[in-house]
Amino acid sequence: GGSYPQKNAEILSSQYGINLFLAGLLLTFAWAVHAVGISKSHLLSYLITLMLIQLLWMLWYLCRSCTQRRLIRDKDTHAGARWLKCGITLFAVITLILDSFKIGYYIDFSNCLSPTEGIFPVTHAVHTILQVYFLWCHAKDIIQSFKTLERFGVIHSVFTNLLLWTNGVLTESKHQLNEHKERLITLGFGNITIVLDDHAPQCNCTTTTLCSIFSQGIYYLYPFNIEYHILASTMLYVLWKNIGRKVEHHQQHKTPFKFHGITVGMIFGLVVLTSTIAIVVVYLIQIGRSKIKSELALTMFYLHAIFVLALMCTAGIVALLIYRLEDRSLDNSKNPARKLDAELLVGTAAGSWLLSWGSILAIICAQAHPKYTWYNLPYSVLVIIEKYIQNLFIIESIHREQEKANDDIKTLRIVTISRGSTLSLTPSYKEIYNGRAAPDSGEGPLFKGSVCGRENDGGGGGAKEEMNQDKTSVMHSASDFSFSSRNSVTNNKRRILKNIAAFLFLCNLSLWIPPAFGCRPEYDNGLEEIVFGFEPWIIVVNLAMPFSIFYRMHSAASLFEVNCKT
């Protein structure tokens, strides 16, 4: 009976959030297509209002938490990991730099810009600072009071961040699209109408140099702003799912990150990361300069990506084979954070799968095939296969129970009865296993080849006792050897898995860089635009690319967690 009103509150709050998001999404779309009567100031006013409401809710929650500081609260130990908080803090710092650039840009163009374009970055900066502090302090909370009100407050925060993410994605995509249209001419696609979608202010800048720095710098910082808002929305969503949740109180093992034992994976991963950065720099310099340079840039990108994706597929298959050789049960306990991780992996992978299948279909159906477009075929196939394998590896890894100590080496509580007194002992494994454990006081029996010692009644004799000791010594040596070899195999498997996780972590960071910073062959290839039409393909790319970019960052975060748990 008690859960019925809470279920209603969950449904009502989710519907409120969805309507909030749809209204903002429609307003964003109307501004993007230059709808009559809709300007950027209307969109920014809506976003400012949402951020102010969230600020009020967070301040109320923080004040209430301070007054109830002495109360013991339930915590979700799986939510809000420290490395995740550090990551969102890094993105937030860069977002604050972006806001300062926007403020400088508004000051230089203040004569012809709406006041909302100056208010928005200031509000956003305050919102960012308070939200990061809120997530650091309360991401693990399991709210048990004011549950209905808190559901609306948290879901409002989730969809506010999603709308800010959408706004960032759209602004950055429009900038990339303008650059893409200018580059198509160099590839010989002159039959495509080039109409720039320009939202630049219609007035002169007061200081030309600063305006150029601000306008260009803003678009290089947008990828970090986009990742910040999507990470914040996922952390807040977990907080929303945890409201009113009943948790089992058990000790959570800390899983610190250690560099020891992952040298090989780190070296190969850093080689991939360094080479990817070099490829991106060369690509951005060469693309659009001339037809030959553009084709060479595309060929270089495809060859590098094919090599990296093939390595990642191989590493993922090796990890899955190791899992098949192990007999370890899966943890099927209720865990909102883990469930969300798995759903996001599969859901966001669909974005790049859509682009890959579009490229495959374009290659099959196109009448003319420039040489560089053939490299797109193995690239697109490998993107599909690699994500399929990697998702399986990550999802199985986060659901596997953490390795527990072997039953043989668990601390045993030994109870012996001597002279009418009970002694509780906790000798080390080696002492028990080798028959050398003794009570602290010197009283009680010694352990002779068995965990439970037995009192000699004197009926054995010296020779018999000596023979038993020899047999026991041989048995112990064989058991020690068996345990040592078994432990060595387990450690080798763990080392291989940790190196694979570290390698895939750096590879996913490497593959996040190209699309995040404008290296997008899906735009520059040109073949898909001919088959599907320019506008339909650009719409598909603009919808799918943000999910593809987020997938790589989310996979990197998940693989970091896998490395810590392994």
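Everything quoted here is computed from the prediction, not taken from an experiment.

1. Here we look at the packing of aromatic side chains
Inference 1: The final tally for this structure, using the stated rule, is 19 aromatic pairs.
Inference 2: Summarising the aromatic geometry, the rings of Phe301 and Tyr302 are spaced 5.9 Å apart at their centres and angled 70 degrees between planes, so their arrangement reads as edge-to-face. The exposure classification of Phe301 matches that of Tyr302, with both residues buried.
Inference 3: Ring geometry for Trp512 against Phe517: centres 5.9 Å apart, planes inclined by 85 degrees, an arrangement best described as edge-to-face.

2. Section: the confidence of the model for the protein chain
Inference 1: For the protein chain, per-residue confidence averages 77 on the pLDDT scale, and 73% of positions sit at 70 or higher.
Inference 2: Within the protein chain, the lowest mean pLDDT, 38, falls on strand 1 (residues 414-418), and the highest, 93, falls on helix 4 (residues 116-138).
Inference 3: Residue range residues 405-460 is modelled with pLDDT below 50. Its contacts to residues more than four positions away, or to other chains, number 65 contacts.

3. Describing the side chain of Lys102
Inference 1: Counting through the fold element by element, Lys102 comes out in helix 3 (residues 82-108).
Inference 2: Here Lys102 sits buried without a salt bridge, and the closest side chain of opposite charge, Asp99, lies 5.0 Å off (N-O distance).
Inference 3: With near-sequence residues (within four places) excluded, Lys102 lies in contact with Phe120, Pro121, Ile218 and Tyr222.

4. A short note on the nonpolar core
Inference 1: The biggest cluster of nonpolar side chains holds 131 residues, and the ones touching the most others in it are Phe134, Phe301, Met312, Tyr379, Phe393 and Leu504.
Inference 2: The dominant element in this core, judged by the number of residues it contributes, is helix 6 (residues 208-241), at 16 residues.
Inference 3: Shared between two domains, this core takes at least three residues from each, and those domains are domain 1 (1-248) and domain 2 (258-402 + 486-565).
Inference 4: Each residue touching Phe393, except ones within four places of it in the same chain, is listed here: Ala319, Leu320, Tyr323, Leu497, Ile500, Leu504, Leu559 and Val562.

5. Some words on empty space enclosed by the protein
Inference 1: Inspection of every chain in the model, using the stated rule, returns 4 cavities of 30 Å³ or more.
Inference 2: Taken as a whole, the largest cavity spans an internal volume of roughly 350 Å³.
Inference 3: Taken together, 29 residues make up the lining of the largest cavity; nearest its centre are Phe301, Tyr379, Val383, Leu511 and Glu522.
Inference 4: Broken down by secondary-structure element, the contributors of at least two residues to the lining of the largest cavity are helix 7 (263-286), helix 8 (291-325), helix 9 (336-365), helix 10 (376-399), helix 12 (462-516), helix 13 (521-524) and helix 15 (534-565).
Inference 5: Looking at side-chain class alone, the lining of the largest cavity contains 15 nonpolar, 9 polar and 5 charged residues.

6. Here we look at the pattern of salt bridges
Inference 1: Following the criterion strictly, the structure yields 4 salt bridges and no others.
Inference 2: Between Lys241 and Glu10 there is a salt bridge; the shortest N-O distance is 3.8 Å. One end of the pair, Lys241, is in helix 6; the other, Glu10, is in helix 1 (residues 3-32), with 231 residues separating them in the sequence.
Inference 3: Accessibility expressed as a relative area gives 33% for Lys241, which makes it partly exposed.
Inference 4: Among the residues examined, Glu10 registers a relative accessible area of 18% and is labelled buried.

7. Focus: the environment of Leu231
Inference 1: Among the structural elements, Leu231 can be located in helix 6.
Inference 2: Here Leu231 falls in the buried class, since its relative accessible area comes to 9%.
Inference 3: Taking C-alpha positions, Leu231 is 6.7 Å from Ile88, a pair spaced 143 residues apart along the chain.
Inference 4: Setting aside residues no more than four positions away along its own chain, Leu231 makes contact with Leu84, Ile88 and Phe91.

Calculation rules
Residues numbered from 1 in each chain as written. Predicted model: local features only at pLDDT ≥ 70, side-chain atom pairs only at ≥ 80, totals over all residues. Heavy atoms only, no water. Phe/Tyr/Trp six-rings, centres within 6.5 Å; stacked < 30°, edge-to-face > 60°. Buried < 20%, exposed > 50% of the residue type's maximum accessible area, 1.4 Å probe, protein only. pLDDT = per-residue confidence, 0-100. Helix = DSSP H or I, 4+ residues; strand = E, 2+ residues; numbered from the N terminus. Contact = heavy atoms within 4.5 Å. Lys, Arg positive; Asp, Glu negative; His and termini not counted. Salt bridge = Lys/Arg side-chain N within 4 Å of Asp/Glu carboxyl O. Core = buried A, V, L, I, M, F, W, Y, C linked by side-chain atoms within 4.5 Å. Domains from an automatic or database assignment. 1 Å grid on protein atoms, 1.4 Å probe; cavity = no way out; pocket = protein on both sides within 12 Å on 5 of 7 lines; lining within 4 Å. Points joined across faces, edges and corners; volume = space filled by probe spheres on them. Nonpolar A, V, L, I, M, F, W, Y, C, P; charged D, E, K, R; others polar.

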